[in-house]
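This is what each chain is made of:
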Amino acid sequence: MITAVDGLQALVRGHAIGELARQEAVRHAGVGVQRRMDARAPYLDKVVESWRHPLLARVIRDARLPHAADSADVGFEMGLERLLDGREADLPVHP
């Protein structure tokens, strides 16, 4: 039970710290997340088109979550589901 609570606390803490860091970066840069992504798009397009780094190109092409407006919520929910699925696998099976 203690490891389950520790895992949940780590997930919540990690997402909270990440969100605070994102907000601070936006405040510091004076530019929103979408504008930063738009500024990086030409470079990432070149990376994908060059095929010099095929694994990175695939990751960039397949990326959805970082670009979604609700990425923080979706990421948290995905992490929570995986955490709970892992804990469920540890439960004893009763006939």
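Just so it is clear, the model here is predicted, and its values are computed rather than measured. (Residues numbered from 1 in each chain as written. Predicted model: local features only at pLDDT ≥ 70, side-chain atom pairs only at ≥ 80, totals over all residues. Heavy atoms only, no water.)

> Please give an account of the overall build of the chain that cites residues and values.
Broken down by element type, the chain carries four helices and zero strands. Its helices and strands in sequence order give the chain the pattern α-α-α-α, from N to C terminus. The C-alpha extent of the chain, read off along each of the three principal axes, is 55 × 35 × 20 Å. Expressed as a percentage of its 95 residues, the buried residues of the chain come to 6%. Taking the contacts inside the chain whose residues are at least 6 apart along the sequence as the reference set, 47% of them involve residues at least 24 apart. Element-wise, carbon and sulfur atoms account for 61% of the exposed surface of the chain, whose accessible area totals about 7900 Å². (Helix = DSSP H or I, 4+ residues; strand = E, 2+ residues; numbered from the N terminus. Buried < 20%, exposed > 50% of the residue type's maximum accessible area, 1.4 Å probe, protein only. Contact = heavy atoms within 4.5 Å. Areas by Shrake-Rupley, 256 points an atom, 1.4 Å probe, with all protein chains shown as cover.)

> Any chance you could break down a nonpolar patch on the surface for me, citing the residues and the numbers?
On the surface, a nonpolar cluster with roughly 300 Å² of combined accessible area is contributed by Leu-55, Leu-56 and Val-59. Residue position: Val-59 is located in helix H3 (residues 54–62). (Patch = residues over 30% accessible without salt bridge, like charges linked within 9 Å, V, L, I, M, F, W, Y side chains within 5 Å. Salt bridge = Lys/Arg side-chain N within 4 Å of Asp/Glu carboxyl O.)

> Help me get a handle on the environment of Arg-52, residues and values and all.
Assignment of secondary structure puts Arg-52 in the loop between helix H2 (33–50) and H3. For the pair Arg-52 and Val-74, spaced 22 residues apart in the sequence, the C-alpha separation amounts to 31 Å.

> For the packing of helix H1 (residues 2–29) against helix H4 (residues 71–89), give the residues involved together with the corresponding values.
It is at 11 Å that the axes of H1 and H4 come closest, and there the two elements cross at 170°. Classed by the angle they form, the pair H1 and H4 counts as roughly antiparallel. Along its contact with H1, which presents Thr-3, Ala-4, Gly-7, Leu-8, Leu-11, Val-12, His-15 and Glu-19, the element H4 presents Ala-72, Gly-75, Phe-76, Gly-79, Leu-80, Leu-83 and Arg-87. Residue composition of the contact of H1 with H4, grouped by class: eight nonpolar, five polar and two charged. (Axes fitted to C-alpha atoms, helices over the stretch in contact; angles between N-to-C directions. Parallel < 35°, antiparallel > 145°, perpendicular 65-115°, else oblique. Nonpolar A, V, L, I, M, F, W, Y, C, P; charged D, E, K, R; others polar.)

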